[in-house]
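# Fold and contact review
Each chain, written out:
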Amino acid sequence: MVAEPMTMATDYALAAVAGCCCLLIFKRTPLQNSQRHWALAFAALAVAAALGGTHHGFVIEALWTPTVLTVGIASFAMLAGSAIATTSGRLRQGLIALALAKLLVYSAWMLGHDEFIYVVADTAVAFVAVSALHLFDWKNPASKWMLGGVAVSLAAAAAQASGFDLHPSFNHNDLYHVVQIAAMALFYCGALRMRDRGEPGI
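Here goes a summary of the coordinates provided.

So, how was this worked out
- Residues numbered from 1 in each chain as written.
- Predicted model: local features only at pLDDT ≥ 70, side-chain atom pairs only at ≥ 80, totals over all residues.
- Heavy atoms only, no water.
- Helix = DSSP H or I, 4+ residues; strand = E, 2+ residues; numbered from the N terminus.
- Rg over C-alpha atoms; globule rule 2.2 N^0.38 Å.
- Buried < 20%, exposed > 50% of the residue type's maximum accessible area, 1.4 Å probe, protein only.
- Areas by Shrake-Rupley, 256 points an atom, 1.4 Å probe, with all protein chains shown as cover.
- Lys, Arg positive; Asp, Glu negative; His and termini not counted.
- Charge placed at Lys NZ, Arg CZ, Asp CG, Glu CD.
- Salt bridge = Lys/Arg side-chain N within 4 Å of Asp/Glu carboxyl O.
- Axes fitted to C-alpha atoms, helices over the stretch in contact; angles between N-to-C directions.
- Parallel < 35°, antiparallel > 145°, perpendicular 65-115°, else oblique.
- Contact = heavy atoms within 4.5 Å.
- Nonpolar A, V, L, I, M, F, W, Y, C, P; charged D, E, K, R; others polar.
- Expected span 1.5 Å × (residues − 1).
- 1 Å grid on protein atoms, 1.4 Å probe; cavity = no way out; pocket = protein on both sides within 12 Å on 5 of 7 lines; lining within 4 Å.
- Points joined across faces, edges and corners; volume = space filled by probe spheres on them.
- Patch = residues over 30% accessible without salt bridge, like charges linked within 9 Å, V, L, I, M, F, W, Y side chains within 5 Å.
- Polar contact = N/O pair within 3.5 Å; in protein donor to acceptor, adjacent residues only side chain to side chain.

## Points about the overall build of the protein chain
A count of helical and extended segments in the protein chain gives seven helices and zero strands. Across the protein chain, helices and strands are ordered from the amino to the carboxyl terminus as α-α-α-α-α-α-α. By the compact-globule yardstick of 17 Å for 202 residues, the protein chain fits well, its C-alpha radius of gyration being 17 Å. Taken along its principal axes, the extent of the C-alpha atoms in the protein chain is 55 × 30 × 30 Å. In the protein chain, which comprises 202 residues, the proportion classed as buried is 48%. Looking at the protein chain as shown, the accessible area adds up to about 9600 Å², and 72% of this sits on carbon and sulfur atoms. Here the protein chain contributes 11 positive and 11 negative side-chain charges, whose respective centroids are spaced 23 Å apart.

## Looking at the pattern of salt bridges
Taken as a whole, this structure holds two salt bridges when the rule is applied. For Arg197, the salt bridge is made with Asp137, and the minimal N-O distance between the two is 3.3 Å. Of this pair, Arg197 sits in the segment after helix H7 (172-192) while Asp137 sits in the loop between helix H5 (116-136) and helix H6 (143-162), and the two are 60 residues apart along the sequence. The class for Arg197 is partly exposed, based on a relative accessible area of 35%.

## Topic: the packing of helix H1 (residues 5-26) against H7
For the pair H1 and H7, the least separation of the axes is 8 Å and the interaxial angle reads 5 degrees. In terms of their interaxial angle, H1 and H7 are classed as roughly parallel. Contacts between H1 and H7 involve Met6, Thr7, Thr10, Asp11, Ala13, Leu14, Val17, Ala18, Cys21, Leu24 and Ile25 from the first element and Asn173, Asp174, His177, Val178, Gln180, Ile181, Met184, Tyr188 and Ala191 from the second. Among the residues making up the contact of H1 with H7, the classes are represented as 13 nonpolar, five polar and two charged.

## Points about helix H3 (residues 64-86)
Counted at 1.5 Å a residue, the expected span for H3 with its 23 residues is 33 Å, and the 34 Å between its end C-alpha atoms agrees. Most of H3 sits out of view: 19 of its 23 residues are buried.

## Things to note about the layout of surface pockets
Within this model, the largest pocket holds a volume of roughly 670 Å³. Around the largest pocket, the lining comprises 31 residues; the ones closest to its centre are Val71, Phe116, Val119, Gln160 and Tyr176. Every element with two or more residues in the lining of the largest pocket is listed here: H1, helix H2 (33-58), H3, H5, H6 and H7. At seven residues, the largest contribution of residues to the lining of the largest pocket is made by H3. Of the residues contributing to the lining of the largest pocket, the split by class is 19 nonpolar, eleven polar and one charged.

## A closer look at a nonpolar patch on the surface
Among the surface-exposed residues, Val2, Tyr12, Phe58 and Ile60 lie close enough to one another that they form a single nonpolar patch of about 320 Å² accessible area. Residue classification places Val2 among the partly exposed residues on the basis of a relative accessible area of 32%.

## A short note on the side chain of His177
Of note, His177 is situated in helix H7. Classification of His177 by relative accessible area gives buried; the value is 6%. Only 3.2 Å separates the side chain of His177 from the side chain of Asp11, close enough to count as a polar contact. Apart from the residues lying within four places of it in its own chain, the contact partners of His177 are Thr7, Thr10, Asp11 and Leu14.

Have a look at this one:
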């Protein structure tokens, strides 16, 4: 028996879209470092969504910890990728170091906690930082798409937090996944337009 079939299905759909975004970015040559990090973010989100869908569908508790840890990797990669696209030099290095430190602290914390609020908090910090970077570099061709992706992601999170169910068979988690698919499309369009700022190396 599948415990939450629609939640599992929408999670798997999100995983498929994020995975396709990752593969399509990696097919591009030459590939920028910023794009590589965003491809990693898509890959991590695909894995997290697949694990989350399986967790919801078959109630496999052992999958929850790897799910939330993988979301942390996506959060790190998003921030690092946008930092490479919008900054350079010591500022870039400092931002990537902070993103890595955030990932390590988050991962250590989540090994002993399983509340979803911590996942939300970590992702929110990343989104605030990504938004600030792209607002700072507003003329960057990727910025408008990235800010749009953040806005839609926040709308998805609000829908989930509201607990509003469109139908007994389509709850707030399902709505979150569907709206988040739209955010993936915007992030993908932004990642395609990314170029490393200044020197290409980190």
